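# Descriptive structure summary
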Amino acid sequence: MLAAQDDPAALSERRLDSVLARDGGAVIESNIAAALAEGDADLANSFLELARSRNIVLPDSVVSQVEDAVAAERSTLHVAKRFATGLVTGSADDVASLSGTVVGDLFVIGDIRDVVREGKHIAVGEEADHLVLGLAATGLAVTGATYVSLGGFAPVRAGVTMVKDARKLGRLGKGLAEWAGRVARDVVDTKVLREAVASGSLMRPGQTIGAIKAAFRVEKAGGLVRLGKDVARVTTSSGTRGALDVLKIAEGPKDVSRAAKLAEKMGGKTRAVIKLLGRGALLILAGLMQLVWWLFAALFALFGVLSAIKSTTERTTRFAIRRGKARRRRRELAAAALQTVRCAA
């Protein structure tokens, strides 16, 4: 584990050896059943890929169930419905709905909608989601760069959208949300934004974008752009839901960066690995903490054994001493009695 601490994929392989050592087939089969029960065919398929990569044989019925569920999820009708949902609502939890949200954001409709909504909360003195606000403002800037670069920034654009969607769905890790929130507050000048929102409208996107960009501090958005880039790498390798899984367990941007390395090597197995190992797939800390607890348990057990030995030894010693004293006392009494008898004689 120490040798693999800088390689998330190698670290995960070491920990999987332990998790799947006894009855890997049963572990994977139970997780597949749970994923199918929740309607998550993608996760079930990820476990199927993990089983194949480790030469774990699963029942044919289980394999068929997973393949049928994946085929149904990838059907034309299902994809079209999810795409429309993402385009209209701006929320994504799979590839199709993410495509819809990205299209909406590329046409700036989604970002303007989010900026105007959160900006109005600020304008009337209500609590606003500064993270969504900062991500939407960053998205507008990245969208402009996407057009200029003829799509070169499209993956980053999708990554920023994914972070924003994870926030809306409540699937952004607490530590990562706190970090991104601090960065997002520096990205937007709320005073300028308040004035922009007061005069902005979805019916005048060009004018609204210009006003919003004036409130956007581009030089402060580097951290969010890098985060979007890493999320895009995870999405490319493990899919949309894989990226959402990573964002849920991430405690900071470094976790997402390590997850990107993991996903690039694990591919479709990434979701299964994260499901089994959690954040321990990304950092050695989780594994070391487990080892530390084992060490403490061993020390406590050793302390208990030594205490028992000490107590037993003390009781045995006291018993032996008392018994020796009693024996000597009896001999002394017997000798005194014998002396008395001799003197009387």
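Keep in mind that what you see is a predicted model, and the values were worked out from it rather than measured.

Cut-offs and rules
Residues numbered from 1 in each chain as written. Predicted model: local features only at pLDDT ≥ 70, side-chain atom pairs only at ≥ 80, totals over all residues. Heavy atoms only, no water. Helix = DSSP H or I, 4+ residues; strand = E, 2+ residues; numbered from the N terminus. Contact = heavy atoms within 4.5 Å. Areas by Shrake-Rupley, 256 points an atom, 1.4 Å probe, with all protein chains shown as cover. Salt bridge = Lys/Arg side-chain N within 4 Å of Asp/Glu carboxyl O. Buried < 20%, exposed > 50% of the residue type's maximum accessible area, 1.4 Å probe, protein only. Patch = residues over 30% accessible without salt bridge, like charges linked within 9 Å, V, L, I, M, F, W, Y side chains within 5 Å. Axes fitted to C-alpha atoms, helices over the stretch in contact; angles between N-to-C directions. Parallel < 35°, antiparallel > 145°, perpendicular 65-115°, else oblique. Left-handed = near helix turned anticlockwise from the far one by under 90°. Nonpolar A, V, L, I, M, F, W, Y, C, P; charged D, E, K, R; others polar. Core = buried A, V, L, I, M, F, W, Y, C linked by side-chain atoms within 4.5 Å. Expected span 1.5 Å × (residues − 1). Arc of directions from axis to C-beta. Lys, Arg positive; Asp, Glu negative; His and termini not counted. Charge placed at Lys NZ, Arg CZ, Asp CG, Glu CD. 1 Å grid on protein atoms, 1.4 Å probe; cavity = no way out; pocket = protein on both sides within 12 Å on 5 of 7 lines; lining within 4 Å. Points joined across faces, edges and corners; volume = space filled by probe spheres on them.

## Thoughts on the overall build of the chain
Secondary structure summary: the chain contains 17 helices and 0 strands in total. Residue pairs in contact within the chain that sit at least 24 positions apart in sequence constitute 71% of those at least 6 positions apart. Roughly 18,300 Å² of accessible area belongs to the chain as shown, and the carbon and sulfur atoms make up 60% of that amount.

## Some thoughts on the pattern of salt bridges
This structure, assessed with the given rule, holds 12 salt bridges. Of the charged contacts, one joins Glu 67 and Arg 52 as a salt bridge, the two residues approaching to 3.5 Å between their closest N and O atoms. With a gap of 15 residues between them, Glu 67 in helix α4 (residues 60–73) and Arg 52 in helix α3 (residues 41–53) connect regions that are remote in the sequence. The partly exposed category is assigned to Glu 67, whose relative accessible area is 41%. Glu 314 is the salt-bridge partner of Lys 310, the closest N and O atoms lying 2.6 Å from each other. One end of the pair, Lys 310, and the other, Glu 314, are both in helix α17 (residues 284–344), 4 residues apart, so they sit about a helical turn from each other. On the basis of relative accessible area, Glu 314 is assigned to the partly exposed category, the value being 34%. Taken together, the shared-partner salt bridges connect Asp 40, Asp 42, Arg 241, Asp 245 and Arg 271 into one network.

## Observations concerning a nonpolar patch on the surface
Where nonpolar side chains cluster on the molecular surface, the patch consists of Trp 293, Leu 295, Phe 296, Leu 299, Phe 300, Leu 302, Val 305, Leu 306 and Ile 309 and spans about 970 Å² of accessible area. Inspection of the secondary structure assignment puts Val 305 in helix α17.

## Here we look at unusual backbone geometry
If you check the backbone angles, Asn 55 has positive phi at about 55° while not being a glycine. Inspection of the secondary structure assignment puts Asn 55 in the loop between α3 and α4.

## With respect to the packing of helix α13 (residues 222–238) against helix α14 (residues 240–249)
Relative to each other, α13 and α14 sit at 135°, their axes nearing to 7 Å. Looking at the two axes, α13 sits oblique to α14. In this structure, α13 crosses over α14, and the sense of that crossing is right-handed. Side by side, α13 and α14 meet where Val 231, Val 234, Thr 235 and Ser 238 of the first sit next to Thr 240, Gly 242, Ala 243, Val 246 and Leu 247 of the second. Looking at the contact of α13 with α14 residue by residue, the classes come out as 5 nonpolar, 4 polar and no charged.

## Regarding the packing of helix α10 (residues 174–187) against α13
Geometry of a packed helix pair, given as the angle between the helix axes and the separation of the axes. Following both chains from N to C, one finds α10 and α13 inclined at 135°, their axes separated by 9 Å at the closest point. Taken as axis vectors, α10 and α13 run oblique relative to one another. Along the contact surface, α10 presents Leu 176, Trp 179, Ala 180, Val 183, Ala 184 and Val 187, while α13 presents Gly 223, Leu 224 and Leu 227. Among the residues making up the contact of α10 with α13, the classes are represented as 8 nonpolar, 1 polar and no charged.

## Let's talk about the nonpolar core
A general trend in soluble globular proteins is that nonpolar side chains are found buried together. Ranked by internal contacts, the top residues of the largest apolar core, which has 66 residues, are Ile 28, Ile 32, Leu 58, Leu 172, Leu 176, Val 231 and Leu 247. Other than its neighbours up to four places away in sequence, Ile 28 contacts Leu 20, Phe 47, Leu 50, Ala 51, Ile 56 and Leu 58.

## Notes on α4
Between its terminal C-alpha atoms α4 stretches 20 Å, which fits the 20 Å expected from 14 residues at 1.5 Å a residue. Within the span of α4, buried status applies to Val 62, Val 63, Val 66, Val 70 and Glu 73. Buried residues of α4, viewed axially, fall in a sector of 100°; they line one side. Residues of α4 that are exposed and point more than 90 degrees away from the buried face comprise Asp 60 and Asp 68.

## Let's talk about a positive patch on the surface
A contiguous patch of positive charge on the surface is contributed by Arg 323, Lys 325, Arg 327, Arg 328, Arg 330 and Arg 331. Within the fold, Arg 330 resides in helix α17.

## Concerning the layout of surface pockets
One number sums up the size of the second largest pocket: a volume of about 260 Å³. Lining the second largest pocket we find Glu 38, Gly 39, Asp 40, Leu 43, Arg 171, Arg 241, Asp 245, Lys 248, Ile 249, Arg 271, Ile 274 and Lys 275. Partitioned by chemical class, the residues of the lining of the second largest pocket number 3 nonpolar, 1 polar and 8 charged.

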